[in-house]
Amino acid sequence: LFSLITLAVLMGTQIRRPRLLLKYAKWAYFISVVFVFFIAAYQTIQQYRIWQASGLFVKYSDWGLVWTAWQYGFTNFFLNALIAFAISALGWLGLRFLNRRAEERFFEKPEPYLFAVGLFLSGHPGWIIYALLVFGLSILIATIKFIFTRRRDVIFSFYYVWLPAAIGVIIYLSATSR
């Protein structure tokens, strides 16, 4: 839910105030990372409190219960976020590297942050579908543009593709998981 709300707000900003999003794309990425890890920490603490109140773990000392809750929280709440964060950082670095090698022809400077936000908020394993969708769309759009224009120098900006693709992946994954 947090990911959908964040992406919807960013997409609304993108439509209403495109320059504002370009200016603050880096902050959007960092804030979403902080909030996702904050939510994971909150869920871990709540899990501990539920177990503490249930009385099912009477054989554990307080520290044993804390350790068990931390292990459970790490594997169920933090691990997927850590994987998605690592992949989003690699995606950000990759797009920046490719854009610099192409002399800044492909993307505006903040666009790698939008790609990273999409990767991160799609989660694990949603980032795989997101990356395949974005790169598939890029090949399809480039092919269609080439067919209609017969020019190879026409560049398509992905500024309006990054966020809707992430929203689509999250909706698809939530619909298929039930």
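Every value quoted in this text rests on a predicted model; they were computed, and no experiment measured them.

**A short note on unusual backbone geometry**
Put simply, His124 and Pro125 share a cis peptide bond, and its omega is 5°. Note on placement: Pro125 falls in the loop between helix H4 (111-122) and helix H5 (126-149).

**Comments concerning the nonpolar core**
Side chains of a nonpolar character, in soluble globular proteins, are inclined to be buried together. Within the largest apolar cluster, 40 residues are counted, with the highest numbers of intra-cluster contacts made by Leu7, Phe120, Tyr130 and Trp162. Broken down by secondary-structure element, the contributors of at least two residues to this core are helix H1 (2-16), helix H2 (18-54), helix H3 (62-101), H4, H5 and helix H6 (162-176). With nine residues, H2 is the single largest residue contributor to this core. Apart from the residues within four sequence positions on either side, Tyr130 is in contact with Leu114, Phe115, Gly118, Leu119, Ser122, Trp162, Ala165, Ala166 and Val169.

**Describing the confidence of the model for the protein chain**
Residues with a pLDDT of 70 or more make up 94% of the protein chain, whose mean pLDDT is 87. The lowest-confidence element of the protein chain is H5, averaging 87 in pLDDT; the highest-confidence one is H4, averaging 93.

Calculation rules
- Residues numbered from 1 in each chain as written.
- Predicted model: local features only at pLDDT ≥ 70, side-chain atom pairs only at ≥ 80, totals over all residues.
- Heavy atoms only, no water.
- Helix = DSSP H or I, 4+ residues; strand = E, 2+ residues; numbered from the N terminus.
- Core = buried A, V, L, I, M, F, W, Y, C linked by side-chain atoms within 4.5 Å.
- Buried < 20%, exposed > 50% of the residue type's maximum accessible area, 1.4 Å probe, protein only.
- Contact = heavy atoms within 4.5 Å.
- pLDDT = per-residue confidence, 0-100.

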